[in-house]
Amino acid sequence: MQKRALVVGLGIAGMSAAIGLRRAGWTPVIAERAAERRTGGYYIFMFPEGVRAAGDLGVADHLHTRNPVWRPGGNTWSVDRRGRRRPALGLLDAPSGLAAVLRGDIEAALWQGITGDGIDDAVEVRFATTPVEITEGAGGVQVLLEDAGTGNRYREDFDLVVGADGMRSSVRRMVFGPDEDYMANWKSMICAFQMKEQVPSYEACDSILVSRPKRAMWVFGLADHAPCAWLTFRTEDIPDRFAGSSIEQVRAAFSGMEDDPVVCHVLASLEEAPDHVFDSIHQVKMPRWSAGRVVLVGDAAWCMNTFSAMGSSSSLRGGAALGVALQEHPDDLAAALDAYETGLRPYITRQQRSARIKQQRFVPSSRPVEVLGSVVLELIRKVVHRRMTVEYTAESTSTLSGTGR
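- Looking at an unreviewed UniProt entry, one finds the protein named FAD-dependent monooxygenase and attributed to Pseudonocardia zijingensis.

1. Looking at the environment of glutamine 198
- With respect to the helices, strands and loops of the structure, glutamine 198 is situated in the loop between β12 (183–194) and β13 (207–212).
- Between the C-alpha atom of glutamine 198 and that of glutamine 359, which follows or precedes it by 161 residues, the distance is 25 Å.

2. Focus on the packing of aromatic side chains
- For the structure on display, the rule yields 14 aromatic pairs.
- Ring geometry for phenylalanine 242 and phenylalanine 278: centres 6.1 Å apart, planes at 65°, overall edge-to-face. Of this pair, phenylalanine 242 sits in the loop between β15 (228–234) and α5 (246–253) while phenylalanine 278 is found in strand β16 (residues 277–284), placing the two residues 36 residues apart along the sequence.
- Take phenylalanine 278: its relative accessible area is 14%, and that puts it in the buried class.
- Put simply, the rings of Tyr43, Phe45, Trp186, Trp218, Phe220, Trp230, Phe307 and Phe362 pair up and form one aromatic cluster.
- In this structure, arginine 85 packs its charged tip against the face of tyrosine 202, placed 3.7 Å from the ring centre.
- The ring of tyrosine 347 carries the charged tip of arginine 317 above its face, separated from the ring centre by 4.0 Å.

3. Re the sheet that holds strand β1 (residues 4–8)
- An order of β7-β2-β1-β11-β18-β17 is seen for the 6 strands of this open sheet, with the pairing classed as mixed. The sheet terminates laterally at β7 (124–127) and β17 (290–291), the two strands that pair on one side only.
- With 4 bridges joining them, β1 and strand β11 (residues 160–163) adopt parallel strand pairing. Residue pairing for β11: alanine 5 is matched across the bridge by leucine 160.
- Lying over the sheet, helix α1 (residues 12–23) contacts β1, β2 (27–32) and β11, oriented at roughly 165° with respect to β2.

4. Quick look at the sheet that holds strand β4 (residues 76–79)
- Sheet architecture is open: 7 strands sit in the order β5-β4-β13-β14-β15-β12-β16, paired in mixed fashion. Looking at strand neighbours, the two that pair on one side only are β5 (85–87) and β16, the edges of this open sheet. Sheet twist, expressed as the mean angle between neighbouring strand axes with direction ignored, is 25°.
- Strand direction decides the pairing type here: β12 and β15, joined by 7 bridges, are antiparallel. Following the sheet pairing, alanine 192 is matched in β15 by tryptophan 230.

5. A few points about the pairing of β13
- Within β13, 6 of the 6 residues are buried, which leaves it mostly tucked inside the rest of the structure.
- The two faces of β13 match: Ser207, Leu209 and Ser211 on one face and Ile208, Val210 and Arg212 on the other face are all buried.
- With 3 bridges joining them, β4 and β13 adopt parallel strand pairing. Residue serine 78 lies in a different strand from β13, and its bridge partner there is leucine 209.
- Looking at chain direction, β13 and strand β14 (residues 215–220) are connected through 5 bridges and run antiparallel. Residue valine 210 lies in a different strand from β14, and its bridge partner there is methionine 217.
- Taking the residues between adjacent antiparallel strands as the criterion, β13 and β14 are bridged by 2 residues, where lysine 214 takes a positive phi near 75°.

6. Some words on a nonpolar patch on the surface
- On the surface, Val371, Val375 and Leu379 cluster together to form a nonpolar patch covering roughly 260 Å² of accessible area.
- Note on placement: valine 371 falls in helix α10 (residues 367–404).

7. Quick notes on the packing of helix α8 (residues 311–328) against helix α9 (residues 333–362)
- One can describe the packing of α8 onto α9 by two numbers: an axis separation of 8 Å at closest approach and a directional angle of 150°. By the angle class used here, α8 and α9 are roughly antiparallel. In the crossing of α8 with α9, the sense of the turn from one axis to the other is right-handed. Touching Ser313, Ser314, Arg317, Gly318, Ala321, Leu322, Ala325 and Leu326 of α8 are Leu333, Ala336, Leu337, Ala339, Tyr340, Leu344, Tyr347 and Ile348, all from α9.
- Taken together, the residues of the contact of α8 with α9 sort by class into 12 nonpolar, 3 polar and 1 charged.

8. Describing the side chain of glutamate 107
- The topology assignment puts glutamate 107 in helix α3 (residues 103–115).
- Beyond its immediate stretch of four places on either side in the chain, glutamate 107 contacts Gly11, Ile12, Met15, Arg37 and Arg38.

Rules used in this analysis
Residues numbered from 1 in each chain as written. Predicted model: local features only at pLDDT ≥ 70, side-chain atom pairs only at ≥ 80, totals over all residues. Heavy atoms only, no water. Helix = DSSP H or I, 4+ residues; strand = E, 2+ residues; numbered from the N terminus. Phe/Tyr/Trp six-rings, centres within 6.5 Å; stacked < 30°, edge-to-face > 60°. Buried < 20%, exposed > 50% of the residue type's maximum accessible area, 1.4 Å probe, protein only. Lys NZ or Arg CZ within 6 Å of the ring centre and 35° of its normal. Pairing = 2+ DSSP bridges. Contact = heavy atoms within 4.5 Å. Axes fitted to C-alpha atoms, helices over the stretch in contact; angles between N-to-C directions. Patch = residues over 30% accessible without salt bridge, like charges linked within 9 Å, V, L, I, M, F, W, Y side chains within 5 Å. Areas by Shrake-Rupley, 256 points an atom, 1.4 Å probe, with all protein chains shown as cover. Salt bridge = Lys/Arg side-chain N within 4 Å of Asp/Glu carboxyl O. Parallel < 35°, antiparallel > 145°, perpendicular 65-115°, else oblique. Left-handed = near helix turned anticlockwise from the far one by under 90°. Nonpolar A, V, L, I, M, F, W, Y, C, P; charged D, E, K, R; others polar.

Written as structure tokens, this is what we have:
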């Protein structure tokens, strides 16, 4: 009989893990607390590691990317205190194969991977279902599950439980301990949402940055979709930020900047957005990602936080890596989980460490840091854009020559 695994969470990490498990010969069952599959989501980057993992999981062909076509002078603008715009180094300008996507684009591709294309063994998904209790025995794991619609509870046996239920993982709390043992508070907040339209006077695919010490606003332009806004600010009183209206909290954080047309437009867009993400920023660090027959994947195990820009890529890679480890150690679960962690942890550790440096790019901690960062990034921009302009000109010339023939 095939071994059965309960995967908790229908996000990127959960669906990636389910596909990896199925490829390893397991039968995964996904439990998702929401009543239906969530769509949409804000703008994120996929790094080459994530793109390769999507290929390893067999979903790369379903993945819709939205990189704008680069033009001489760049697609990204920085707005100074006087409202003047100047070219800036875009996050997609680095020659590293970054892919611009919405979170929903990745989840849609993974959903196709677990349900579509005429696959006979489509993964079972139980919506409005959450684990209440996890008990490990000699030969398996017994999970008490609750149906949110009916309130009914029932017990079911599995050979493995995969916690892929995000930064505030319920599986991690039940098996490994309270959140405060593993979640480091970065004293910052984020608000992200999809805009209906671009900031006036900017091109549809432009990205815009308005950065001040301890608060910053980004507008990310996409090739075939309205831009997404990403606002972040540093704060010492995280609990207080969840009191009252999240929109009012964001407006208060950007008080004094409303005269800037970009800030004014983005804040007005936030008022009109049908939904938005508003949350505190943390990083999850654990000495081990598994205990017996329970293993964590994605943000539940190693949340790098949004400043790293590696959350989705690492979740894809984590799900693929878990599947490979189980396939290579089919008769020894302990060895498989050891191999999964040994192979992946150095990469995760590097990315978590780099997040502190990236945080200064996204939201500088002080005026001197802001000035220094601007100088360094401008020097890099000139070099990068000079090279990209040469490549753009050469490609355009080649295209015209071919058309002429």
